[in-house]
Amino acid sequence: MKNKFHLLSLFALLPLFFSSCNSEDPVPENDGEVITDLTLTFQEIDISGNSVGEPFSFKASDAEGIELNATPEVDIVELQRGKTYQMKISVSNSIAGEEITPEISTESDKHQFYFLGSAFLGIDAPAKYQYNDEGGINLGLEGIVITVPNPKANTAQLQIVLRHNHNKSYPGASDPNFEKYVNAGGSSDLDITFPFAINP
Amino acid sequence: MNIKILSYFICLSILNGVIVSAQAQDCSSSIRGKIIHLENNEPIEAAYIWVSEVNDGAVSDQNGNFIIKNLCLGKYTLSIQFLGHKTINDTINLTSIIFNKTYRMEEESMNLVGIEVHGHRDAVQTTSSVSALYGEKLLESRGETLGESLKRISGISTYSTGNSIAKPVIHGMHSNRIMIMNNGIRLEGQQWGAEHSPEIDPFLADEITVVKGAETVRYGPEAMGGVILVTPAPLPTKKDPKTEFYLLGASNGRQGNLAFKHTDGFNKIKGLGYRLQGSAKRSGNIKSPDYYQMNTGLSELNFSGAVGYSSKKLGIEGYYSLFSTTLGILADSHTGNLSDLENIIANGRPFTDGSFRYQIDNPKQKVTHQLAKLKSHYHLSENWKLNFQYGFQVNNRQEFDKRRGELNDKPSLDLQLYTNTLDIYVNHTHKNEFSGTWGINFIQQANSNIPGTGVTPLIPNYDLTNTGFYAMEKYSKGPVELEAGARFDIRNVQTARYINSKLQTANLNYQNFSAFLGGLFHIIPDLTFNSNLGSAWRPPNVNELFSQGLHHGAAAVEIGNSELIAEKSLKWINELEYDGQKTHLEFTAYLNPIKDYIYLNATGETYVSLRGTFNVYEYLQANAFFYGFDVSGSYDFTDKLQGYLRGSIVQAKNTEDDNYFPFIPSNRVEWGISYDFSKVDDSRTNKLTVSNTLVSKQKRQPNFDIAPAPPGYALFDVGYQKQYYISKNKLNVGLQIQNLFNTSYKDYMNRFRYYTYDVGRNINLKLNYLF
């Protein structure tokens, strides 16, 4: 920014004055902390753990990150009844062009996904979730989703919450469906709800 | 409004009655006067006044005032003496109950051997309401933040963020609506932010003065709510080494605080003196009655140095101060989204009990502030003085959030602010009744976001210039002082920032005229009334214009409005002060309408993102009406036992939609009794004080707040202060227990009331050694 300081010329004797006269030119910042895309990739598996068919995925994305007048676009998660799926989560930041999944994996002691909503909670929940991360840690980047054979309802809500800096050893915190996750402290990095449908 | 005016008239007429009835008695007249320096109008403390006819005398107080009572009508000869000044002999004819006169003392020639050159002291010369913290009161407050210390003055409260960030609030105004002067230079940090503490070390002050009136004319825009002056003692002008040490400890947070000050002059060069001062502070996690508040430690390191020379005609002073701090922010206040926030509000306190430690993690703030100034005055003639003052400030502010991976080591806000200020003004003082100041004030500011934060900057880079021309004149005669002044300001602000890779710029111009009118009347010798009506303005700040982004603590998206116009205010402040033998009473009332008051309004809308939901706040303007009063008084029950009381009420209404503004202090009263154990002829302090603070629930709440106002509370404090003489040196020992009963409470003015209870019991030991 170049300025016209008419009056400044009066005080040209002061050398300090000019060393700090103008502000720096602004530089665009890529918002690094923002998560713009969350992808759930499902792979059906059989009883012995072998893959069945091709993997498929559902996405929630918000190109602007945290910016006003933008609402996330969220796919409907559609699964079949009575099946077992491997579910992988990947998160990325399209603004800074950055994959966030490896960072979460590296800081697995500080992060944890919780799987909530009517899809997983209650006796009549149409699906069950288990952590299946490498090394048996409770993280949630990889997990198993089992759909019930005869769901009471065909639609539900699937809420995914990513907690950061919470107390992982808090009683109950190891449960992927831990509703009172706030009691373990920390804050939410993600809190997104997918519509969930069970097809015959 | 009318009732208030009426009550003043009633008050005045009662007082007139007192005067009239007293006139009937003989020998109950008084001589009252004020003694000031001829060259600069500053008050002279400890001048000696002798009335030879009655063999009685008096010594002028801190404000230069003196009273000689119980005189019969008749002729008297007054002799006024002060070291280094020409003695004044005056014959007066006392014909009424009260005689008033201002005496101006002229400095004696420097050629005289053994004459002390006095240091200049810039006490405020205003007819507005002024209160100061000095001496014993200041000693008691050592180790506290500036905001906390100032709570000892009625009408002053704090707007705080946790326990370590406390911004002073004068009559409901804070941040950009009040001004803080660091040794004569307006402190320019990032004061717009609610969680941005004033970048100043209270240990450098010998006196902290609060002007409660609108002082825009004298100090420039932004002084609409009042001014806080942090003033060191004058520099010595001859060899007189003095050193002072402070060692303070507090149980809560296990705080340690060390400070020193050394002043001296030189035998060889008369008029040359210097001062070195520094302080260090460290504290860990604060304890609420039932748990530790995690990550609430702080560390602070401050230094200042000054050197000055003064002769009969010329005075010159160089000053440098460095303030640096690292502040931990309560870990639980960093909420990810609205549901996090609602959960912790419902819980009322952090979910974990925490533990003690000194370590400071994210979220935290690292701030350094450097100030350099050069000040000079030159006596053009006996009556005219030319003043020059240049100040240069650099403020660096880094705020760290809890983030992932490498980003955790990077600040999410990284600002650098340069400020140049230049003041050139002339003072004139005449033996007749006029004195005044005319001047020009120039401010230039450059704010830059340091790249690499990985966050779109909350405020843009900007350049600001402000030029002000002002003139003030004061007329004083007998019991009356009248004062008036006017000022014209021109401001230009240019901003630039990238949002989503698009460059957004703005070029804004503001100009304004402001004026004030004030008066002071000594009604009877013990009673003074002053009144000040001042107009003020404040152009919108850059954050109000251009804020855009997520405010983590509040789970809020804040949106600026580039269409905002300047606020305009009118503050009428009246003060009645009674200073009797046993009773001291100050009553201050004010009316303060503000046009286009800028405030942050909750829209009631929410914003949904992958991270969850956020409240949306926007900057709006509305007409506001602030009014209220402060009371402060003390009464000596006996020579040993004294009681005191101070309280304040402030109302802040949005007159456009009949709503209240958020974060306005609720009604509060503090009262206490102190007992003096020292013998009558012993000047050493030996005093026990028990006090009680009562704060009511804020019932004047806005329609929307994320949590209701907390209930009122009562706190008890005990303090004991004792002074020892160790040969010629002095040792002051203070023991204070704050929140004696370890009460769990929340204060409406603490933004962290959403997340936690306030500080629990705190035991302080304060040692001060002077040699």
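Since the model is a prediction, treat every value here as computed from it, not as a measurement.

Draft legend 1. Structural detail: the overall build of chain A. Looking only at helices and strands, one finds two helices and eleven strands in chain A. Of all intrachain contacts in chain A linking residues separated by at least 6 positions in sequence, the fraction that spans at least 24 positions is 66%.

Draft legend 2. Quick peek at the overall build of chain B. In terms of helices and strands, chain B carries six helices and 41 strands. Relative to its length of 771 residues, chain B is compact, with a C-alpha radius of gyration of 27 Å against a globular reference of 28 Å. Based on the C-alpha atoms only, the size of chain B along its principal axes is roughly 85 × 60 × 55 Å. The 771 residues of chain B split such that 47% are buried.

Draft legend 3. Here's a closer look at the interface of chain B and chain A. Between chain B and chain A, the residue contacts involve 52 residues of the former and 46 residues of the latter. When contributions to the side of chain B that touches chain A are tallied by element, the ones reaching two or more residues are α5 (338-347), β23 (384-400), β24 (413-429), β25 (434-449), β26 (461-477), β27 (480-499), β31 (556-559) and β33 (583-609) of chain B. Sorting elements by how many residues they give to the side of chain B that touches chain A places β25 of chain B first, with six residues. Class assignment of the residues belonging to the side of chain B that touches chain A gives a composition of 21 nonpolar, 23 polar and eight charged.

Draft legend 4. Summary view of the sheet that holds strand β6 (residues 88-94) of chain B. All names here are of chain B. Spatially, the four strands line up as an open sheet ordered β3-β2-β5-β6, and their pairing is antiparallel. Each edge of the sheet is formed by a strand with only one pairing partner; in this case those strands are β3 (56-59) and β6. Each adjacent strand pair in this sheet contributes to an overall mean axis angle of 20°, direction not counted. Strand direction decides the pairing type here: strand β5 (residues 74-81) and β6, joined by seven bridges, are antiparallel. Counted as the bridge partner of Y76 is I92 from β6.

Draft legend 5. Region of the structure containing the nonpolar core. Counting 85 residues, the largest nonpolar core has L150, M181, V227, I228 and V230 of chain B as its most contacted members. Apart from the residues lying within four places of it in its own chain, the contact partners of M181 of chain B are R186, L187, V227, I228, L229 and V230 of chain B. Among the nonpolar cores identified, the runner-up in size contains 41 residues, and F120, L141, L158 and A173 of chain A belong to it.

Draft legend 6. Region of the structure containing the pairing of β24 of chain B. All names here are of chain B. Along β24, twelve of the 17 residues are buried, which leaves the element largely enclosed by surrounding structure. In the sheet, β23 pairs with β24 via 16 bridges, with the strands oriented antiparallel. Residue Q398 lies in a different strand from β24, and its bridge partner there is D414. Looking at chain direction, β24 and β25 are connected through 15 bridges and run antiparallel. Each bridged residue has a counterpart across the sheet, and for L417 the counterpart in β25 is N447.

Draft legend 7. Highlighting α5 of chain B. Along α5 of chain B, the residues classified as buried are L338, D340, L341 and I344 of chain B. One face of α5 of chain B carries all of its buried residues, which in axial projection span an arc of 155°. Where α5 of chain B is buried, its residues touch β11 (187-199) of chain A together with β33 and β34 (612-636) of chain B. Just past α5 of chain B, the residue G348 of chain B takes up positive phi, approximately 80°.

Draft legend 8. Representation of unusual backbone geometry. All names here are of chain B. Cis geometry marks the peptide bond from N362 to P363, where omega comes out at 0°. Residue placement: P363 occurs in the loop between α5 and β22 (364-379). At R254, a position not held by glycine, the phi torsion is positive, near 45°. Tracing the chain through its elements places R254 in the loop between β15 (242-250) and β16 (255-265).

Draft legend 9. View of the confidence of the model for chain A. Residues and elements named next belong to chain A. Per-residue confidence for chain A averages 84 on the pLDDT scale, and 87% of its residues sit at or above 70. At the level of individual helices and strands, chain A shows its lowest average pLDDT in helix α1 (residues 15-19), which scores 44, and its highest in strand β7 (residues 111-116), which scores 95. The low-confidence segment residues 1-19 (pLDDT under 50) makes 19 contacts with residues lying over four places distant or belonging to another chain.

Draft legend 10. Here's a closer look at the domain arrangement of chain B. For chain B, the domain assignment lists domain 1 (2-105) and domain 2 (130-770). Computed from C-alpha atoms alone, the centre-to-centre distance between domain 1 of chain B and domain 2 of chain B is 35 Å.

Here is what the cut-offs are and how they apply
Residues numbered from 1 in each chain as written. Chains lettered and ligands numbered in written order. Predicted model: local features only at pLDDT ≥ 70, side-chain atom pairs only at ≥ 80, totals over all residues. Helix = DSSP H or I, 4+ residues; strand = E, 2+ residues; numbered from the N terminus. Contact = placed C-beta atoms within 7 Å. Rg over C-alpha atoms; globule rule 2.2 N^0.38 Å. Buried ≥ 20, exposed ≤ 12 C-beta atoms within 10 Å, placed from the backbone. Nonpolar A, V, L, I, M, F, W, Y, C, P; charged D, E, K, R; others polar. Pairing = 2+ DSSP bridges. Axes fitted to C-alpha atoms, helices over the stretch in contact; angles between N-to-C directions. Core = buried A, V, L, I, M, F, W, Y, C linked by C-beta atoms within 7 Å. Arc of directions from axis to C-beta. pLDDT = per-residue confidence, 0-100. Domains from an automatic or database assignment.

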